[in-house]
Amino acid sequence: MATPFMASPTALFKFLLGEWRLSKTLEYKRGGITGSFEGNAEFVPLADMPDNRCLVSFTESGCFIAADERSFETRNRLLYDFSDPTSVQVFFDECALPDGQRTAQAVLDGARYFHSITIPSLGMNEHPCGPDVYRGKIELLAPDEFEIVWRVSGPRKDGKIVSVFRKYP
């Protein structure tokens, strides 16, 4: 299915909110760890910002199984900022506070820029990671399903990460 038109960050915000089943495959020809991930993802609005910014906390958690059959539990957190009318800014959530003490301001203070999502194309700008570069794209597959594809290339890594999100009913 072709990516439907996302007219604004608000439309993407409304689409993403909630809980999702997440399946991820990581395939590397060089560098990286090839394997698969199964787990859950959640997009939750942060409501206590004094400047009324439209921020969403993203958390993914689950089990990663490497190609050599090693497995481990993982968790990743991001922060999405929907305040700009033409793009969505995405940050690594590096707030070190435990869950019960995490305020929106503390999360924002601990954020480190990752990439942006252009509206309406859902293209993602390049993300440099050392000498390697990640290039990504979001595609809406169905009213309750989307995928994010990252391609990484450079002297250390050559690979592809495909994340498929399916909304829980």
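Up top is the structure these notes are about.
Note that the structure is predicted; figures quoted are calculated from it, not measured.

(A) Main features of the overall build of the chain. The number of helices and strands found in the chain is 2 helices and 10 strands. Across its three principal axes, the chain shows a C-alpha extent of roughly 45 × 40 × 35 Å. A sequence separation of at least 24 residues applies to 48% of the contacts in the chain between residues at least 6 apart. Accessible surface for the chain amounts to roughly 8,900 Å². Of this, 55% is attributable to carbon and sulfur atoms. Looking at charge distribution, the chain has the averaged site of its 19 positive side-chain charges lying 4 Å from that of its 23 negative ones.

(B) Structural context of the pattern of salt bridges. Inspection of the entire model under this criterion finds 11 salt bridges. E38 is paired through a salt bridge with R21; the nearest N and O atoms lie 3.8 Å apart. Of the two residues, E38 is situated in strand β2 (residues 35-46) and R21 in strand β1 (residues 18-30); the sequence distance between them amounts to 17 residues. By relative accessible area, which is 39% here, E38 ends up partly exposed.

(C) View of the side chain of S87. If you trace the backbone, S87 turns up in strand β5 (residues 87-93). On the accessibility criterion, S87 (11% relative accessible area) is buried. The contacts of S87, once residues within four sequence positions are left out, are P9, D81, I117, T118 and I119.

(D) Geometry of the nonpolar core. L12, Y80, I117 and F146 are the most contacted members of the largest nonpolar core, which has 36 residues in total. Counting 10 residues, the second-largest nonpolar core is a separate cluster that includes L46, L79, A104 and L108.

(E) Structural context of the pairing of strand β4 (residues 71-81). As judged from the 11 bridges shared by strand β3 (residues 55-66) and β4, these two strands associate in the antiparallel manner. Bridge pairing links F64 to F72 in β4. The hairpin turn running from β3 into β4, its antiparallel successor, is 4 residues long, and E69 in that turn takes a positive phi close to 75 degrees. Across 4 bridges, β4 lies against β5 in antiparallel orientation. Within β5, the residue paired with Y80 across the bridge is V90. If you look at the hairpin formed by β4 and β5, you'll find 5 residues sitting between the two strands.

(F) Region of interest: the state of the cysteines. Considering all chains together, one arrives at 0 disulfides under this definition. Free cysteine C95: the closest other cysteine sulfur is in C54, separated by 19 Å. Since its relative accessible area comes to 13%, C95 is described here as buried.

(G) Representation of the packing of aromatic side chains in the model. Counting across every chain of the model gives 17 aromatic pairs. Where F146 meets F165, the ring centres are 4.3 Å apart and the plane angle is 5 degrees; that geometry is what we call stacked. One end of the pair, F146, is in strand β9 (residues 145-153); the other, F165, is in strand β10 (residues 158-167), and 19 residues separate them in sequence. For the pair F146 and F165, a shared accessibility class is recorded, and that class is buried. Each residue in the set F13, F15, W20, F43, F58, Y80, F82, F146 and F165 is aromatic and connected to the rest through ring pairs, giving one cluster. The cationic tip of K24 hangs over the ring face of F37; the distance from NZ or CZ to the ring centre is 5.5 Å.

What counts as what
Residues numbered from 1 in each chain as written. Predicted model: local features only at pLDDT ≥ 70, side-chain atom pairs only at ≥ 80, totals over all residues. Heavy atoms only, no water. Helix = DSSP H or I, 4+ residues; strand = E, 2+ residues; numbered from the N terminus. Contact = heavy atoms within 4.5 Å. Areas by Shrake-Rupley, 256 points an atom, 1.4 Å probe, with all protein chains shown as cover. Lys, Arg positive; Asp, Glu negative; His and termini not counted. Charge placed at Lys NZ, Arg CZ, Asp CG, Glu CD. Salt bridge = Lys/Arg side-chain N within 4 Å of Asp/Glu carboxyl O. Buried < 20%, exposed > 50% of the residue type's maximum accessible area, 1.4 Å probe, protein only. Core = buried A, V, L, I, M, F, W, Y, C linked by side-chain atoms within 4.5 Å. Pairing = 2+ DSSP bridges. Disulfide = S-S within 2.5 Å. Phe/Tyr/Trp six-rings, centres within 6.5 Å; stacked < 30°, edge-to-face > 60°. Lys NZ or Arg CZ within 6 Å of the ring centre and 35° of its normal.

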